[in-house]
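# Remarks on the overall topology
Residue strings, one per chain:
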Amino acid sequence: MPNNYAFPLSEEKISAYVLGYRPKGFVADIISPRVKVTSESAEIMVWPKGTKFALSDTSISVRGIPNEITSTWTKQKFALDSHALSEPIAKQEIEQSIKEGVDPRLSALDGLLLQMDMWREKQVLDQYANKDNYGDNTAAGSDTWNKSATDIRGQIDTAKQGMLVEPNTMVLSAKALMYMRNNKSIKDAISGIAGQATIDQIKALFDIDNIVVSKVKYDKAVEGKAVDIGDMAGNFVSLVYLSPQPTTSNAMTFAMTLSLKKGQSSYDSDRVGTQGGVVQRAFDIRTEVIVGKDCGHIITGIYT
């Protein structure tokens, strides 16, 4: 709703500003795509391996009756989580800052949305880094990627061969990609290469549709300690199958996010400062779900 100050902030102005804001380098919406649901309790139809990979005899005589098959599936229920952050801004702050050409309400929304995205990014990447989310499809790097002689190509090929579902996506950090692009086993497998291997060359080598590189950094330090900046993606490479069009009714994919509503609001409050003020709020109702453990493989400890 509009704020009753000398410089009102309309919902149209908020929407126009927020829609123009896009953080760079975030991968959560790619590797755990949002699937719209209609309530805070959602269901996913899960099909067992026997249904997707079993063979059925289709032979039939001229007047025969076709063999009957029974498709079995189960429903998994998930309760969505609520996420929100807010920032209060005093009336005098708003009026003075706007006179100076700055609107603290819009700056506050920038910060809130960035923090919301950072938190979601960390949740999704933590799911990808968790070995328990891959069933038996896990391995530890026998030789680390920071060694030029390490057979990275062999590690990836072995991982792919052990998967039930052919992966279409590779997820790794910018540091891991740097080691891969300069690795001897990778460059030896690509004819006519000069310098580093390109992402397109690596995709073609492993028959992977998409290589998703996390470039996001964050402060790993606990509150009150010195700043300790590190990579959010962590020390792993993940091979997964992600459905191009994930739905709750055909959940043949590694991960998705069940999403109900995401947005922002701005409202007056007489509890801010001495003269009242505005509270900016960002919210997101969702839950990140690992759907198919057989659709992924993880290699951990790939560099030191």
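It should be noted that the structure appears before, not after, this text.
Structure report, in brief. (Residues numbered from 1 in each chain as written. Predicted model: local features only at pLDDT ≥ 70, side-chain atom pairs only at ≥ 80, totals over all residues. Heavy atoms only, no water.)

## Notes on the overall build of the protein
Spelled out, the test is: Secondary structure is summarised from DSSP: a helix means a run of H or I of at least four residues, a strand means a run of E of at least two, and numbering begins at the N terminus for each. Relative accessibility decides the category of a residue: with a 1.4 Å probe and only protein chains considered, values under 20% of the type maximum give buried, values over 50% give exposed, and everything between is partly exposed. Contact definition: two residues touch when any of their heavy atoms are within 4.5 Å. For the accessible areas, the method is Shrake-Rupley and the probe is 1.4 Å, while residue cover comes only from the protein chains on display. Charge counting follows a simple rule: Lys and Arg are positive, Asp and Glu are negative, and His as well as the terminal groups are ignored. Taken as the charge centre is NZ of Lys, CZ of Arg, CG of Asp or CD of Glu, depending on the residue.
Each helix and strand in the protein was counted, giving 9 helices and 13 strands. Counting only C-alpha atoms, the protein reaches 80 × 60 × 35 Å along its principal axes. Per-residue burial for the protein yields a buried fraction of 41% across its 304 residues. A separation of at least 24 residues holds for 78% of the contacts in the protein among residues at least 6 apart in sequence. For the protein, the accessible area works out to roughly 16,700 Å², and carbon and sulfur atoms hold 50% of it. Looking at the protein, you have 34 positive and 36 negative side-chain charges, and the mean spots of the two groups are 2 Å apart.

## Topic: the side chain of Thr-169
Counting through the fold element by element, Thr-169 comes out in strand E6 (residues 169-173). With residues up to four places along the chain from it excluded, the contact list for Thr-169 reads Ile-208, Asn-210, Val-212, Ser-238, Leu-239, Val-240 and Leu-242.

## Brief notes about empty space enclosed by the protein
Take a probe with the size of a water molecule and roll it over the atoms, and the empty space left behind shows itself. How we decide: Only protein atoms enter the calculation, which uses a 1 Å grid: trapped sets of points that fit a 1.4 Å probe without letting it out are cavities, open sets showing protein on both sides within 12 Å along at least five of seven lines are pockets, and any residue with an atom within 4 Å of a point is a lining residue. Grid points are joined across faces, edges and corners, and a volume is the space filled by probe spheres set on the points.
Counted under the stated rule, the structure contains 1 cavity of 30 Å³ or more. Of the voids in this model, the largest cavity is the one considered here, and its volume is about 40 Å³. If you list the elements that add at least two residues to the lining of the largest cavity, you get helix H5 (104-129), strand E11 (255-269) and strand E12 (277-290). Ranked by residue count, the leading element in the lining of the largest cavity is H5, at 4 residues.

## Thoughts on the sheet that holds strand E10 (residues 236-240)
Rule in force here: In this description, strands pair whenever DSSP reports at least two bridges between them. The convention used is that axes are lines fitted to C-alpha atoms, helices contributing only their stretch in contact, and that angles between N-to-C directions extend from 0 to 180 degrees.
As summarised here, the arrangement of the 5 strands in space is E5-E13-E10-E6-E7, forming an open sheet in which the pairing is mixed. Of all strands in the sheet, those with a lone pairing partner are strand E5 (138-140) and strand E7 (210-214), marking the two edges. Put simply, the sheet's adjacent strands are angled 15 degrees from each other on average, direction ignored. When E10 meets strand E13 (residues 296-300), the two strands line up antiparallel, connected through 5 bridges. Residue pairing in the sheet places Val-237 in a bridge with Ile-299 of E13.

## Quick look at the nonpolar core
Formally: Here, nonpolar core refers to any group of buried Ala, Val, Leu, Ile, Met, Phe, Trp, Tyr and Cys residues whose side-chain atoms link them within 4.5 Å.
By size, the foremost hydrophobic cluster in this structure holds 23 residues, and its most contacted members are Trp-145, Ile-156, Met-170 and Leu-172. At the level of elements, helix H6 (152-161), E6, helix H7 (174-181), helix H9 (199-206), E7 and E10 are the ones that each hand at least two residues to this core. Sequence-distant contacts of Met-170, that is, excluding residues within four places in its chain, are made with Ile-156, Met-180, Phe-206, Ile-208, Asn-210, Ile-211, Val-212, Val-237, Ser-238 and Leu-239. Core analysis: the second largest hydrophobic core is formed by 22 residues, Val-171, Met-232, Phe-236 and Phe-254 among them.

## Here we look at the packing of aromatic side chains
What counts, and what does not: Ring pairs shown here join Phe, Tyr and Trp side chains whose ring centres sit within 6.5 Å, with only the six-membered ring taken for Trp; geometry is labelled stacked below 30 degrees between planes, edge-to-face above 60, and tilted in between.
Evaluation of the coordinates by the stated rule reveals 3 aromatic pairs. Ring centres of Tyr-128 and Phe-254 lie 5.1 Å apart, and the angle between their planes is 70 degrees; on these two criteria the pair is classed as edge-to-face. Pair noted here: Tyr-128 is in helix H5 and Phe-254 is in the loop between E10 and E11, with a separation of 126 residues, a long-range link. Given a relative accessible area of 1%, Tyr-128 falls into the buried group. Taken together through their ring pairs, the aromatic side chains of Tyr-128, Tyr-134 and Phe-254 make up a single cluster.

## Here we look at the sheet that holds strand E1 (residues 34-36)
Adjacent strands of a sheet form backbone hydrogen bonds with each other and so pair up, either parallel or antiparallel. Pairing in this open sheet of 4 strands is mixed, and the strands run E1-E11-E12-E4 from one edge to the other. Among the strands making up the open sheet, the edge pair consists of E1 and strand E4 (81-90). With direction set aside, neighbouring strand axes in the sheet form an average angle of 35 degrees. In terms of strand pairing, E1 meets E11 through 3 bridges, oriented parallel. Residue pairing in the sheet places Arg-34 in a bridge with Thr-257 of E11. Across the face of the sheet, helix H4 (residues 91-99) comes into contact with E4 and E12 while running at roughly 70 degrees to E4.

## Points about the pattern of salt bridges
Spelled out, the test is: Criterion for a salt bridge: a side-chain nitrogen of Lys or Arg within 4 Å of a carboxyl oxygen of Asp or Glu.
Under the counting rule described, the total for this entry stands at 16 salt bridges. A salt bridge links Arg-105 to Asp-103, with the shortest nitrogen-to-oxygen separation between them at 3.0 Å. A relative accessible area of 13% places Asp-103 in the buried class. As a salt-bridge pair, Asp-188 and Lys-184 come within 2.6 Å of each other at their nearest N and O atoms. With a gap of 4 residues between them, Asp-188 and Lys-184 both fall in helix H8 (residues 184-188), about one helical turn apart.

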